[in-house]
Amino acid sequence: MYPSRFPRPRIKVRENVNEAIRAREVRAVFPDGSVEVMPTQAAIRRAQDLGLDLILIAPTAEPPVAKAMDYGQWQYEVKKKQHEAKKKQHVIQVKELKFRPNTDDHDYTFKMNHAVRFLAEGNRVKAVVQFRGREIAHVDLGKKLLLRFAGDLAEHGAVEGSPKLEGRNAHVIISPLKKEAVKEKPKSAAPKPPPPPASPDSGRA
């Protein structure tokens, strides 16, 4: 008998579902709200009688917690939670801005405005001064430019150390300032105006 030229499709095993649950007993949660510690096989049969799957939702608990529910619905809820967590998560990026030792004021201001926006978005800024040819003899000019740049951004970011020279580049990294909740002071009640003085004729009949 010759082997088949077509490979057999692999059966995808659903982990932590029904027979794939390895624990001998589980704390089973059912749709009616009942919770019972019982042998895993008995919990699987009860879930299947309800037309549901037994899904392990807390494998590290003692005993593990399993819930009787529809597998497709469970997958949808897991993906939804992952999507929401990803939306809330902010990935901090390092935005690089390049200068030359003789960068003019217009280019300097243009790049500084970009840095302000990057820091406001919660990203870090890496300012780099590139030295070409004989410019490497004027490293001090590049470091002065970086210190000036960091000083102009003091209201928006904090410098991570002093400017560093690596090869033909000098750089400094600036991190965004942590936003602190500013509590508004309660407004004090305005003082009541003093009563008007009594007129001299008020006491006369």
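Residues numbered from 1 in each chain as written. Predicted model: local features only at pLDDT ≥ 70, side-chain atom pairs only at ≥ 80, totals over all residues. Heavy atoms only, no water.

> Tell me about the overall build of the protein chain, residues and numbers included.
Counting its secondary structure elements, the protein chain contains four helices and nine strands. Secondary structure elements of the protein chain occur, N-terminal to C-terminal, as β-β-α-β-β-α-β-α-β-α-β-β-β. Residues counted as buried form 28% of the 205 residues belonging to the protein chain. Within the protein chain, residue pairs in contact and separated by at least 24 positions form 54% of the contacts whose partners lie at least 6 positions apart. Accessible surface computed for the protein chain: about 16300 Å², of which carbon and sulfur atoms make up 54%. (Helix = DSSP H or I, 4+ residues; strand = E, 2+ residues; numbered from the N terminus. Buried < 20%, exposed > 50% of the residue type's maximum accessible area, 1.4 Å probe, protein only. Contact = heavy atoms within 4.5 Å. Areas by Shrake-Rupley, 256 points an atom, 1.4 Å probe, with all protein chains shown as cover.)

> Give me the pattern of salt bridges: which residues, what numbers.
The final tally for this structure, using the stated rule, is eight salt bridges. Of the charged contacts in the structure, one is a salt bridge between Glu96 and Lys98, with a shortest N-O distance of 3.9 Å. A salt bridge links Arg124 to Glu160; its shortest N-O distance comes to 2.8 Å. Within this pair, whereas Arg124 is found in strand β6 (residues 124–130), its partner Glu160 is found in the loop between β7 (157–159) and β8 (164–166), the two being separated by 36 residues in sequence. The exposure class assigned to Arg124 is partly exposed, which follows from its relative accessible area of 25%. (Salt bridge = Lys/Arg side-chain N within 4 Å of Asp/Glu carboxyl O.)

> Outline the packing of aromatic side chains, supporting the account with residue identities and numerical values.
Within this structure, the stated rule accounts for four aromatic pairs. With centroids separated by 5.1 Å and ring planes inclined at 65°, the aromatic side chains of Phe99 and Phe149 adopt a geometry described as edge-to-face. Residue Phe99 is located in strand β5 (residues 94–99), and its partner Phe149 is located in helix α4 (residues 139–152); the two are separated by 50 residues in the primary sequence. Geometrically, the ring pair formed by Tyr108 and Phe149 is edge-to-face, given 5.9 Å between the ring centres and 80° between the ring planes. With Tyr108 in helix α3 (residues 105–120) and Phe149 in helix α4, this residue pair connects regions lying 41 residues apart in the sequence. Given the relative accessible area of 3%, Tyr108 is considered buried. (Phe/Tyr/Trp six-rings, centres within 6.5 Å; stacked < 30°, edge-to-face > 60°.)

> So what about unusual backbone geometry? Which residues, and what values?
Pro63 follows Glu62 through a cis peptide bond whose omega is -5°. Within the secondary structure layout, Pro63 lies in the loop between β3 (53–58) and β4 (65–69). For Asn18, which is not a glycine, the phi torsion comes out positive at approximately 50°. With respect to the helices and strands, the residue Asn18 is situated in the segment before β1 (25–29). Owing to a relative accessible area of 6%, Asn18 belongs among the buried residues under this scheme.

> Mind laying out the pairing of β3, listing which residues take part and the relevant values?
Sheet analysis places β3 next to β4, joined by five bridges and oriented antiparallel. Note on β4: the bridge partner recorded for Ala58 is Val65. What sits between the antiparallel neighbours β3 and β4 is a turn of six residues. (Pairing = 2+ DSSP bridges.)

> Outline the nonpolar core, listing residues and values.
Buried together is how nonpolar side chains tend to be arranged in soluble globular proteins. In terms of nonpolar packing, the biggest core is built from 20 residues, with Leu97, Phe99, Val125, Phe149 and Leu153 touching the most fellow members. Counting residues per element, the ones that place at least two in this core are β5, α3, β6, α4 and β9 (169–176). Those residues in contact with Val125 that sit more than four places away from it in its chain are Lys95, Leu97, Ala115, Phe118, Leu119, Phe149, Val172, Ile173 and Ile174. In terms of nonpolar packing, the next biggest core, distinct from the first, is built from 13 residues, Ala47, Leu52, Leu56 and Ala68 among them. (Core = buried A, V, L, I, M, F, W, Y, C linked by side-chain atoms within 4.5 Å.)

> Give me the packing of α3 against α4: which residues, what numbers.
Direction vectors running N to C along α3 and α4 enclose 45°, while the axes themselves pass 11 Å from each other. Taken together, the axes of α3 and α4 are oblique relative to one another. The element α3 and its partner α4 pack so that their crossing is right-handed. In this structure, α3 uses Asp105, Tyr108, Lys111, Met112 and Ala115 to contact α4, whose residues at the interface are Arg148, Phe149 and Asp152. (Axes fitted to C-alpha atoms, helices over the stretch in contact; angles between N-to-C directions. Parallel < 35°, antiparallel > 145°, perpendicular 65-115°, else oblique. Left-handed = near helix turned anticlockwise from the far one by under 90°.)

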